[in-house]
Amino acid sequence: MPAPRPSQSTEATRAAALQAEFNEKKWVWVPDEKDGYLAGWVHQEDDETAEIIMSSGGEIRRVPLYALSKMNPPKFDRVEDIADLTFLNEASVVHNLRLRYGSGAIYTYSGLFLVAINPYQNLPLYTDAIISQYRSKRRDENPPHIFAVAERAWVNMGEERENQSILITGESGAGKTESTKKVIQYLSAIATDAHPRHPSHSHSASMASSFPASPPSGLPRRGSFHAKATHVTSNSTGGAKGRLGLLERQILQANPILEAFGNAQTQRNNNSSRFGKFIRISFSLDGSISGANIDWYLLEKSRVVVRSAAERNFHVFYQLLSSGGSLKDTLLLDRPLDEYEFLNRSRREVDGVNDREDWDALINALDIVGFTVAEQFDLFRIVAAILHIGNIDIRSTKSDDAFMPDPSQAERVCHLLGIPIAEFTRAILRPRVLAGREWVTQARTGQQSLDELASLSKSLYEKSFSALVERINRALDRPSSKSTFIGVLDIAGFEIFEINTYEQLLINYTNEKLQQFFNHHMFVLEQEEYSREGIEWDYVNFKLDLQPTIDLIESSGNAIGILSCLDEECIMPKATDLTFTEKVHSIWSGDLRATEQPHPGRTKYTLPKFEQGFIITHYAGKVEYRTDGWLEKNKDPLNDNLTRVLASSSEPYVASLFQDFAGVFADMPPSSSAGFSAGKRRPIKRGAFRTVGQRHKEQLALLMAQLQATQPHFVRCIVPNVNKKPGRVDVPLVLDQLRCNGVLEGIRIARLGYPNRLPFVEFRQRYEIMTPGVIPRGYMDGRKACIRIVEALDLDTELFRVGTSKIFFKAGVLADLEERRDALLFDVFSRLQAVARKFSARRQMKKVLNRAVAIRTIQRNARVYGELRDWPWWQLYTKVRPLLAATRNDEELRRKDIELQLAKERAERDQRERESLENVKMTLQAEKRKIIDELEAERALALDKDAMLDRSKKREAELEEEIVALHADLDVLDSQLDRALHLQKDADEKHETLRVAFDQAAEHLVRMEGQQNEWRAKEAELSDIVLTQESSMVQLQQEHQALQKANEDLRALVSQRDEDLARVKERSEVLVSDLQAKLGVEIRSK
């Protein structure tokens, strides 16, 4: 149960005590390596340093003044908007977030966007009661919440008829996926409330039973989040589910499907999205949901084959194997989980995750979205085929040729994919390649064949995932009128690892573009509008222009970017990762020509010290990238023989995944098997063969175009700690994320600028009621009227600025005006209600009086009728009067009935024709939008191809010049060859002369060799004599050395004895002198 809240008097007393303690000392924040910042108060300070007494422990530290940060008074603790802090510094921001997070408040406003910290526990924040609490409320009327952001997007879409977008970013494990689901849950609930569904939508099974009910409870402003909730569900409760229509339920149930196929357990998150998605929810003019669409980006398909030991593959693999039943038998999955190579080298179970329950939820979601049994089987067919591919055993012979000792696993794969085993084996082990104009068979090594199987697994999963998303989009599309949409972007945030590869470059490149969009929206556009409106404003340069870094990665001009350079290297025949790296080095760090201007991106590029790669300076810091394997990853190679086999599969779903490759290499001769020759040839789809970098740039360009056409709302998700513990905050980790997300810069611009603005007409219409009599009757210029109103409201001139068409306010000013306006309207409507009640009471009294008069009149008429009813003439009159016009009225009624029936039939026919035309119109508009998107993508690709063609033409011209120079060199070499031949003829003549001399010399040499043999015999005899003498000499030398050693020993002994004799002599002389002295004394004494 929640802890009881203290009374207001207790809170006031506590706040007063804290304020008194704060006023007694000068409190500051002191940097700390472990805890980020610690509180302390200044004991003594000089010009450069200060002596700080720490509040915890009383430790005294001497800190430079520039490192200290001012502390806000206690009344700002747990403030809901960080922009309201008096002292805005890193320490104060993270301290406020830590206090709010500790009290259960995971959401905090930060200027114009929301900061969400992952609670790592269930909180009662997403029930029906909370949705109702935020419905049709202003931002300042409730605590910060993700629902408030969704409500603001909904209101702006309805009022301004402008598309909205909600950008949810953050590191892995920060809660982006859950925040996305909450936004969709809220939009589905309020759209259902705004437009009740037709009964025809209620025939589907209700999802209320899938979600446990939770008691309706409101969301308090403060202090009630301390208790851990044990009954909270992450979705809305049964009341809302009962109201949801089929489309809303399909949108909600698309999430479990995408999570099963696109999410996985990582070291930082048990349900990490391994792809990015942009979900567009379309609304009709009446506010009801009219359709949805999902775009996906950067699926981590390499996870299918390899991952770290502490992580898992995609959820669907484990859910399928835990399902049991006949489906596994049909898919030939008869082994336990640890016997599949793609699963047994990593983590298998996760705490708190029940794969069996998730499997049931997945099947339920597929049924609700509208997948047939055959479509579901096709999805799981690919998953099972990948598992079997991982178990294919390939070995190498002594000559390093690959062979397959046991084809049983390959037979299972071919059975599931509908392809012949012979062609599949040949494509893996001995594919046919084009050598010049002939097709030859190439023998693969064991490792090459294993790499081919890994590429096949990754390609199968990616293409199946793409088909899955397209199928969901078809289910969520409705041929109805679509007015505006709200888009929700959930994409991986900027991260720096120890080893950063090609995939990380694409992710960081995407975040660089999104951060540039955020900066452009928050800073550049804001200040440009101040300039247009003529507001006095000192332009603030926040040094956040990220275009040089973006150009470094994506540019295709004179200085081509890294991705364009990689695309060029992918088409070069002998290019390698090393040549690509050297080419990038020469472009971005090499010497410039005399007239060439340095590109700004050169300042963002640095050479590494040791490894093969480069360093890029991103907005969040420097990142070193390793370029090993980049060409293969960018080309995403797949054996052409293999793609042809799959494109001619007998299974329609498998063949559709590879339909782009069906017509490739049409001139390849047919092989002996019918697998290649069977089936109808399909034409090549233009633009299908693109590199990974090109596809990602096209997708990102379309995404940025959509975002720029919307009004954005930003949500920054934060990871509080790496241990997934609730209530704990790792301050250095949080600070690093706040810097990466641009939170502090956003607060700073919001504090300096005027984030709230209204056109003159709107401001006058809304707030003129607060200043009666200030605006005279008749026409008055809008600017003058607004100036009169703000003067009458007694607003400080520093809190607002009046432009040429709008009036701008500091943060919080409009909220105060709204409160004053609400108070005034409350008073006005209270008076109006009093007058209305007075009028109603008087009218009721008048009705009572009139009723009394009517009763008396009725009584009088009744008495008269009682007198007349027995009078014969009155009886005759009452019988004859109704017959006078009866016939004429009947004919008129029949004619009117006929006309009404004809009008109804005409209206129904017109309605059916209008609905048919509307459906045709919607279908044509959808096709038109799709064609426009494809055309834009083709245009972008054509521009890249044109730029590449220009560079190729320049390279061709250079090569032609080199060919001309080589021809000139060849002529010179021909003349030199003639001279060499002439010289060779002379040399041949000289050679003949020398040969004769050589023969004579050979005879002389024979005689000399005979003499040499004689001398060698004599030399052998002398050598034997020398060896004998040398052995004798060695013995003599040894005896000589022994004698020398004995001589040295004797000499040492003699010298030692001489020293002993000298010491004895000295002692004897001393003794003699002593005896003589004693003798002399005795003689004198006698």
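Per an unreviewed UniProt entry, the protein goes by the name P-loop containing nucleoside triphosphate hydrolase protein and belongs to Suillus subaureus. Per its UniProt entry, the protein bears the Sequence similarities (unreviewed entry) comment "Belongs to the TRAFAC class myosin-kinesin ATPase superfamily. Myosin family."

**Student:** What should I look at first to understand the overall build of the protein in this one?
**Tutor:** Scanning the protein from terminus to terminus reveals 30 helices and 24 strands. Within the protein, contacts between residues at least 6 apart in sequence are counted, and of these 69% link residues at least 24 apart. About 61,300 Å² of surface is accessible on the protein, with carbon and sulfur atoms providing 54% of the total.

**Student:** So what exactly am I meant to see when it comes to the sheet that holds strand β5 (residues 69–70) here?
**Tutor:** Strand pairing within a sheet occurs via backbone hydrogen bonds; the two strands may be parallel or antiparallel. In space, the 5 strands of this open sheet follow the order β4-β3-β2-β1-β5, with antiparallel pairing throughout. Of all the strands in the sheet, the pair left with one neighbour each is β4 (60–64) and β5. This element, helix α2 (residues 90–102), spans β1 (27–32), β2 (36–45) and β5 of the sheet and lies at about 90° to β1.

**Student:** Explain helix α17 (residues 562–571) to me, please; I cannot follow it from the model alone.
**Tutor:** Helical geometry note: an α-helix holds 3.6 residues per turn, so side chains three or four residues apart project in the same direction. Most of α17 sits out of view: 9 of its 10 residues are buried. Residues Ile562, Leu563, Ser564, Cys565, Leu566, Asp567, Glu568, Glu569 and Cys570 constitute the buried set of α17.

**Student:** Mind showing me how you'd approach unusual backbone geometry here?
**Tutor:** Of all residues except glycine, most have a negative phi; of all peptide bonds, most are trans. Of note in the backbone geometry, Arg78 takes a positive phi value of approximately 60° without being a glycine. Within the secondary structure, Arg78 is located in the loop between β5 and α2. Classification of Arg78 by relative accessible area gives partly exposed; the value is 30%. At Asp400, a position not held by glycine, the phi torsion is positive, near 70°.

**Student:** Where do I start with a nonpolar patch on the surface in this structure?
**Tutor:** Side chains of Trp871, Trp873, Leu876 and Val880 sit close together on the surface and give an oily, nonpolar patch of about 470 Å² of accessible area. Topologically, Trp873 is positioned in helix α29 (residues 872–880).

**Student:** Mind showing me how you'd approach the pairing of strand β11 (residues 276–283) here?
**Tutor:** Side-chain direction in a regular strand flips from residue to residue, so the side chains alternate between the two faces of the sheet. With 8 of its 8 residues buried, β11 lies for the most part within the structure. Here β11 shows a buried face lined by Gly276, Phe278, Arg280 and Ser282 and a second buried face lined by Lys277, Ile279, Ile281 and Phe283. Relative to strand β12 (residues 289–297), β11 runs antiparallel, the two being bridged by 8 bridges. Within the sheet, the bridge partner assigned to Lys277 lies in β12 and is Trp296. Both β11 and strand β17 (residues 484–490) contribute to a ladder of 7 bridges, which runs antiparallel. Note on β17: the bridge partner recorded for Arg280 is Gly487.

**Student:** In this structure, what is going on with the packing of aromatic side chains? I would like to understand it.
**Tutor:** Scanning the model with the defined rule gives 21 aromatic pairs in all. Where Phe317 meets Tyr461, the ring centres are 5.7 Å apart and the plane angle is 20°; that geometry is what we call stacked. Highlighted residues: Phe317 in helix α8 (residues 315–323) and Tyr461 in helix α14 (residues 446–476), separated in sequence by 144 residues. With a relative accessible area of 0%, Phe317 lands in the buried category. On the numbers, 5.7 Å between centres and 80° between planes, the contact of Tyr530 with Phe808 is edge-to-face. Taken together, the residues Tyr530 in helix α15 (residues 502–532) and Phe808 in strand β24 (residues 806–809) connect sequence positions 278 residues apart. Judged on exposure class, the residue Tyr530 and its partner Phe808 are both buried. Every member of this aromatic cluster is reached through a ring pair, and the members are Tyr502, Phe580, Tyr605, Phe614, Tyr625 and Trp630. For Lys182, the ring lying beneath its charged end belongs to Tyr126, and the centroid distance is 4.8 Å.

**Student:** What should I look at first to understand the confidence of the model for the protein in this one?
**Tutor:** One rule of thumb: low pLDDT means the predicted coordinates there are not for detailed reading. Per-chain confidence: the protein averages 81 in pLDDT, with 87% of residues scoring 70 or above. When the elements of the protein are averaged for pLDDT, helix α22 (residues 674–677) gives the smallest value, 34, and helix α11 (residues 373–390) the largest, 94.

**Student:** It is not clear to me how the side chain of Asn344 should be interpreted in this structure. Could you clarify?
**Tutor:** Looking at where Asn344 falls in the secondary structure, it is placed in the loop between α9 (326–330) and α10 (355–369). Classification of Asn344 by relative accessible area gives buried; the value is 19%. Within the structure, the side chain of Asn344 is placed 3.2 Å from the backbone oxygen of Asp338, a separation counted as a polar contact. Sequence-distant contacts of Asn344, defined by excluding residues within four places in its chain, comprise Asp338 and Glu339.

**Student:** Can you walk me through empty space enclosed by the protein in this structure?
**Tutor:** A probe matching the size of a water molecule, rolled over the atoms, marks out where space remains unfilled. For the coordinates displayed, the defined rule picks out 8 cavities of 30 Å³ or more. The wall of the largest cavity is formed by 17 residues, among which Thr169, Asn511, Tyr619, Arg716 and Asn741 lie closest to the centre. Mapped by element, the contributors of at least two residues to the lining of the largest cavity are β8 (164–169), α15, β21 (711–718) and α24 (731–740). Here the lining of the largest cavity takes 4 residues from α15, the largest share from any one element. The residue inventory of the lining of the largest cavity, partitioned by class, reads 8 nonpolar, 7 polar and 2 charged.

**Student:** Explain the packing of helix α26 (residues 760–767) against helix α27 (residues 782–792) here, please?
**Tutor:** Interhelical geometry of α26 versus α27 gives an angle of 40° and a closest axis separation of 9 Å. Relative to α27, the element α26 is oriented oblique. For the element pair α26 and α27, the recorded crossing hand is left-handed. Contacts between α26 and α27 involve Phe760, Phe763, Arg764 and Tyr767 from the first element and Gly782, Arg783, Ala785, Cys786, Ile789 and Val790 from the second. Per-class residue counts for the contact of α26 with α27 are 7 nonpolar, 1 polar and 2 charged.

**Student:** In this structure, what is going on with the sheet that holds strand β23 (residues 800–802)? I would like to understand it.
**Tutor:** The 3 strands lie next to each other as β22-β24-β23, forming an open sheet whose pairing is antiparallel. Every interior strand has two partners, whereas the edge strands, β22 (756–759) and β23, have only one. Neighbour-to-neighbour, the strand axes of the sheet open up by a mean angle of 15°, direction not taken into account. Pairing of β23 with β24 involves 3 bridges; the strand directions are antiparallel. Its bridge partner lying in β24, Val802 is registered against Ile807. Each of β22, β23 and β24 is contacted by α26, which is oriented at about 90° to β22, the strand it contacts most.

**Student:** Sorry, what's going on with the pattern of salt bridges here?
**Tutor:** Where side chains of opposite charge bring their charged atoms close, a pairing between them can arise. The final tally for this structure, using the stated rule, is 43 salt bridges. Linking Glu341 and Arg345 is a salt bridge whose minimum nitrogen-to-oxygen distance equals 3.1 Å. Given a relative accessible area of 65%, Arg345 falls into the exposed group. In this structure, a network of salt bridges that share partners links the residues Arg138, Asp140, Glu141, Arg766, Glu818 and Asp822.

Reading the values: the criteria
- Residues numbered from 1 in each chain as written.
- Predicted model: local features only at pLDDT ≥ 70, side-chain atom pairs only at ≥ 80, totals over all residues.
- Heavy atoms only, no water.
- UniProt positions renumbered as here; feature names shortened; annotations may be inferred.
- Helix = DSSP H or I, 4+ residues; strand = E, 2+ residues; numbered from the N terminus.
- Contact = heavy atoms within 4.5 Å.
- Areas by Shrake-Rupley, 256 points an atom, 1.4 Å probe, with all protein chains shown as cover.
- Pairing = 2+ DSSP bridges.
- Axes fitted to C-alpha atoms, helices over the stretch in contact; angles between N-to-C directions.
- Buried < 20%, exposed > 50% of the residue type's maximum accessible area, 1.4 Å probe, protein only.
- Patch = residues over 30% accessible without salt bridge, like charges linked within 9 Å, V, L, I, M, F, W, Y side chains within 5 Å.
- Salt bridge = Lys/Arg side-chain N within 4 Å of Asp/Glu carboxyl O.
- Phe/Tyr/Trp six-rings, centres within 6.5 Å; stacked < 30°, edge-to-face > 60°.
- Lys NZ or Arg CZ within 6 Å of the ring centre and 35° of its normal.
- pLDDT = per-residue confidence, 0-100.
- Polar contact = N/O pair within 3.5 Å; in protein donor to acceptor, adjacent residues only side chain to side chain.
- 1 Å grid on protein atoms, 1.4 Å probe; cavity = no way out; pocket = protein on both sides within 12 Å on 5 of 7 lines; lining within 4 Å.
- Points joined across faces, edges and corners; volume = space filled by probe spheres on them.
- Nonpolar A, V, L, I, M, F, W, Y, C, P; charged D, E, K, R; others polar.
- Parallel < 35°, antiparallel > 145°, perpendicular 65-115°, else oblique.
- Left-handed = near helix turned anticlockwise from the far one by under 90°.

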